[in-house]
Amino acid sequence: MLKTTSFKNGGTSNAAFSTNPDSTAFLTVEISNPTTSDPTVDKGHTRSARQLSWLWLLKFQQLATSLAWLTNGSVYLLRTANRRIAASRTDSPSDSSASSRRLYRIIKLFLLLVILLLCFELAAYFKGWHFSPPSMESAEAAVERAYAKWLEIRAGYLAPPLQSLTNVCIVLFLIQSVDRVVLMLGCFWIKFRKLRPVAAVEYDGSENVEDYPMVLVQIPMCNEREVYQQSISACCVQDWPKERMLIQVLDDSDELDAQLLIKAEVQKWQQRGVHILYRHRLIRTGYKAGNLKSAMNCDYVKDYEFVAIFDADFQPGPDFLKKTIPYFKGKDDLALVQTRWAFVNKDENLLTRLQNINLSFHFEVEQQVNGVFINFFGFNGTAGVWRIKALEECGGWLERTTVEDMDIACLCELPESYEAYKKQQHRWHSGPMQLFRLCFADTLRAKVSFGKKANLIFLFFLLRKLILPFYSFTLFCIILPLSMFLPEAELPAWVVCYIPGLMSILNILPAPRSFPFIVPYLLFENTMSVTKFHAMISGLFRLGSSYEWVVTKKLGRSSEADLVAFAEKESDPLVETTNLHRSSSESGLDALNKIETTKKSGKKKRNRLYRKELALAMILLTAALRSLLSAQGIHFYFLLFQGISFLVVGLDLIGEQVS
């Protein structure tokens, strides 16, 4: 308690100032402690005790609520896992290739090995041999001699090669980390200097029709009944002279109902005066790349200067062409204008949030830095405009691989199930290795600068597509658990925790709203390393699974609201405001009713079990238990949470859940 006092025996007053103008004014403050004789003190203490009791009661209630939530969650997870194990429906057919089965057998043998080693180490621990290791001379019992011999073999023959492999992976890990840091520094420089491409002209509607170049719009699709309507409608309402634009709907569907629905949608827009054509191939040679190549071979393509490509789940804004085509004006050496993607379902579940982190980094950092500093980057397969002459001069679309993205790819709706995401990632990581194997010599002979060749070969193919999945899988799924059983081979804590955490922070900067998911992101990226490693090996050594093309499943999360809003503002008679939403919906329903009798009965969708992920989960959890015996704190927690991450993914508890 603070009081102002004068110098009179400590008596209380407001303040004592000198009246002498020559003297210095002063104020004394006495800090007096309350005494027990003050009747208000007991009352204050009583109130404090009561408040403290309520505070502890509130904390106890919060603790009980948290425990109840954890208990209910654990029970739910156990019941879900039990149902899926009982159903025993494991990997999807596309994941049951010979190479996948071989990898699973290797992982299973590794699991048996670490379980045997754990049993051996537990016996040694309870015997006290961890604290006083026996030697061959002092060993008496057979088990003791066996453990002593194991220590000799471990230190002399097993640990040195494992340490060498560890050092190699650490070097690769550091190189990849430096690459990531350099990319981020380049991105910061671009933001700081506000570097961005500038269009030479701008279309404001006052131009003559002849001032607009001829544009071909291609929409490749295959059995896209969930999203075909939105993508076709978005392209048909482009703010571009209709006589200067042609839309090709390139349908590779093998389902009759999907073909009829898409054809009906095309006919509806044809009746409204839109220049739109429907093309269907009976044989899907080359998959999407073959579809695009076939469409470019049409005779009328020579009349067009540019081609815009949109995947079936992508909805360009009405001013897409007016925003992209001007960049080509006055730049005859410009071949491609690529736009970034926005995702309509990025907040749908944990899986889509984690995907958004990766793709945001790709567009905001990788593509932007390569475009500004190197003027060279890969086409993403959609939401881009090509100069047709440049596309033809570089050989057009090739059918040798299952990824057309870099051969001369794409997503606006993120996969919401782990099954769809896993298939997509397998395709995205096996395709680059096929290209590297097939196009390496052509790349060396290409008439481009040495810097662009080095960027393509060393940074894109080798570092980001080969080295990254190799060291991620080897370091965190093989070396780390083995080092727990071979402690002579050391894996520093900064490799396990600190630098990966820093790299995760850098990756997440382009998507700052995702910072709460930084730990799940780090664990999930390591979990996906088994899929990416298998895909990389398949593509590099021409294994069968590298040539499989599985269309990424879309759910049609986006709606027609934006198109209707545009129709309400559009005065062009091409778009009829009063019936756009109704007709675009009813046409599909009518066509669907007509073919209901011919519609194939689809298989019931269910969540699956993934054997490789489950086996790796058991390996990591076993290694975590072994690390407890050595009191390795950081390694234990990393192995524990990484093992749980593999377990969650293996039980298909991430992403879309089908009841």
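First, a word on what this report is: a plain description of the structure on this page. (Residues numbered from 1 in each chain as written. Predicted model: local features only at pLDDT ≥ 70, side-chain atom pairs only at ≥ 80, totals over all residues. Heavy atoms only, no water.)

Describing a positive patch on the surface
Next, step 1: Taken together, the side chains of Arg101, Arg102, Arg105 and Lys108 make up a positively charged region of the molecular surface.
Next, step 2: Within the element layout of this structure, Arg101 appears in helix H2 (residues 98–127). (Patch = residues over 30% accessible without salt bridge, like charges linked within 9 Å, V, L, I, M, F, W, Y side chains within 5 Å. Areas by Shrake-Rupley, 256 points an atom, 1.4 Å probe, with all protein chains shown as cover. Salt bridge = Lys/Arg side-chain N within 4 Å of Asp/Glu carboxyl O. Lys, Arg positive; Asp, Glu negative; His and termini not counted. Charge placed at Lys NZ, Arg CZ, Asp CG, Glu CD. Helix = DSSP H or I, 4+ residues; strand = E, 2+ residues; numbered from the N terminus.)

Thoughts on the nonpolar core
A general tendency of soluble globular proteins is for nonpolar side chains to be buried together.
Next, step 1: Among the nonpolar cores identified, the biggest contains 58 residues, and Leu475 and Leu616 are the most heavily contacted of them.
Next, step 2: Breaking this core down by element, the ones donating at least two residues are H2, helix H3 (142–193), helix H10 (418–445), helix H11 (450–485), helix H12 (493–508), helix H14 (529–540), helix H17 (611–629) and helix H18 (633–650).
Next, step 3: Among the elements that line this core, the one with the most residues is H11, at 16 residues.
Next, step 4: In this structure Leu475 touches Cys169, Leu480, Leu491 and Val495, once residues within four positions along its chain are discounted.
Next, step 5: By size, the runner-up hydrophobic cluster in this structure holds 42 residues, among which are Val227, Tyr228, Val274 and Cys410. (Core = buried A, V, L, I, M, F, W, Y, C linked by side-chain atoms within 4.5 Å. Buried < 20%, exposed > 50% of the residue type's maximum accessible area, 1.4 Å probe, protein only. Contact = heavy atoms within 4.5 Å.)

Details of the pattern of salt bridges
Next, step 1: If you walk through the whole model with that rule in mind, you get 22 salt bridges.
Next, step 2: The closest approach of N and O atoms between Arg353 and Asp347, which form a salt bridge, is 3.4 Å.
Next, step 3: Here Asp347 falls in the partly exposed class, since its relative accessible area comes to 38%.
Next, step 4: Notably, a salt bridge pairs Arg608 with Glu419, separated by 2.9 Å at the nearest N-O pair. Of this pair, Arg608 sits in the loop between helix H16 (580–594) and H17 while Glu419 sits in helix H10; the two residues are 189 residues apart in sequence, bridging distant segments of the chain.
Next, step 5: Here the salt bridges do not stand alone but share partners, grouping Glu121, Arg154, Glu488 and Arg626 into one network.

With respect to H11
Next, step 1: The terminal C-alpha atoms of H11 lie 46 Å apart, and with 36 residues this falls more than 12% below the ideal 52 Å at 1.5 Å per residue.
Next, step 2: The element H11 is largely enclosed, with a buried count of 26 among its 36 residues. (Expected span 1.5 Å × (residues − 1).)

Thoughts on the packing of H2 against H11
Next, step 1: Packing of H2 against H11 leaves a shortest axis separation of 10 Å and a crossing angle of 20°. Between H2 and H11, the angle is such that the two are roughly parallel. Like other packed secondary-structure pairs, H2 and H11 cross with a definite hand, here left-handed. Each of Phe110, Val114, Leu117, Leu118 and Glu121 in H2 lies in contact with H11, whose residues at this interface are Cys477, Ile478, Pro481, Leu482 and Phe485. (Axes fitted to C-alpha atoms, helices over the stretch in contact; angles between N-to-C directions. Parallel < 35°, antiparallel > 145°, perpendicular 65-115°, else oblique. Left-handed = near helix turned anticlockwise from the far one by under 90°.)

Read these as spatial facts, not as claims about activity.
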